[in-house]
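Examining the three-dimensional arrangement
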Amino acid sequence: MSRFDFDPIKHQIINTNFGIKVTALDRYGNLASDYNQTGSLTTNLGQIKPASITFYNGIAIGTVTIETNRAAPDVRISLRAEVIESQSNNFAVLR
């Protein structure tokens with residue numbers, strides 16, 4: 001397993017659940033179908049809950065909420081598992 005790839009995240013509303021999907025990729029960019037680990041989630045705005053996501057056969061799908069009291073235009077979610085860290089695209093969190 002070489003990196004994580006987030007599906008694009010569209011603008012979100014403060015304190016509202018939304019879905020994310022992350023794929024584990026090998027060094028050639030192929031699905032790492034033998035990857036079955038849990039990674040930690042963080043964000044550059046407030047707290048993200050839950051703070052972890054689990055991969056099954058190289059794919060992690062979950063529902064998260066960014067808990068904050070302010071809007072922001074350039075929010076990212078970071079995922080760290082083992083020694084690998086990747087980030088989502090930038091998206092806005094709106095009121």
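Residues numbered from 1 in each chain as written. Predicted model: local features only at pLDDT ≥ 70, side-chain atom pairs only at ≥ 80, totals over all residues. Heavy atoms only, no water.

Let's shift gears to the overall build of the protein chain. Scanning the protein chain for helices and strands turns up 0 helices and 11 strands. On C-alpha atoms alone, the protein chain measures out to a radius of gyration of 13 Å, which is about the 12 Å that the 2.2 N^0.38 rule sets for 95 residues. Seen through its C-alpha atoms, the protein chain measures out along the principal axes to roughly 40 × 20 × 20 Å. Across the 95 residues in the protein chain, those meeting the buried criterion constitute 41%. (Helix = DSSP H or I, 4+ residues; strand = E, 2+ residues; numbered from the N terminus. Rg over C-alpha atoms; globule rule 2.2 N^0.38 Å. Buried < 20%, exposed > 50% of the residue type's maximum accessible area, 1.4 Å probe, protein only.)

This paragraph deals with the sheet that holds strand 5 (residues 47-49). Sheet strands line up and pair through hydrogen bonds in the backbone, either parallel or antiparallel. Strand order in the open sheet formed by 4 strands is 1-3-7-5, with antiparallel pairing between adjacent strands. Since the sheet does not close on itself, it has two edges, and those belong to strand 1 (3-6) and strand 5, each with one partner. Strand-to-strand twist of the sheet, defined as the mean angle between neighbouring strand axes without regard to direction, takes the value 40 degrees. Summarising the sheet, strand 3 (residues 18-25) and strand 7 (residues 59-67) pair through 6 bridges and their orientation is antiparallel. Residue pairing across strands places lysine 21 opposite isoleucine 61, the latter belonging to strand 7. (Pairing = 2+ DSSP bridges. Axes fitted to C-alpha atoms, helices over the stretch in contact; angles between N-to-C directions.)

What follows is about the sheet that holds strand 2 (residues 12-13). Taken in spatial order, the 3 strands of this open sheet run 2-11-8, and their pairing is mixed. The open sheet terminates on both sides in strands that have one partner only, identified here as strand 2 and strand 8 (72-75). As judged from the 2 bridges shared by strand 8 and strand 11 (residues 91-94), these two strands associate in the antiparallel manner. If you follow valine 75 over to strand 11, its bridge partner there is phenylalanine 91.

Before going further, it helps to examine unusual backbone geometry. Note the cis peptide between lysine 49 and proline 50, where omega equals -5 degrees. For proline 50, the position within the fold is in the loop between strand 5 and strand 6 (52-54). The backbone phi angle of asparagine 15 is positive, close to 60 degrees, even though this residue is not glycine. With respect to the helices and strands, asparagine 15 occurs in the loop between strand 2 and strand 3. Classification of asparagine 15 as partly exposed rests on a relative accessible area of 43%. One non-glycine residue, asparagine 57, lies in positive phi territory at about 55 degrees. On the secondary structure map, asparagine 57 appears in the loop between strand 6 and strand 7.

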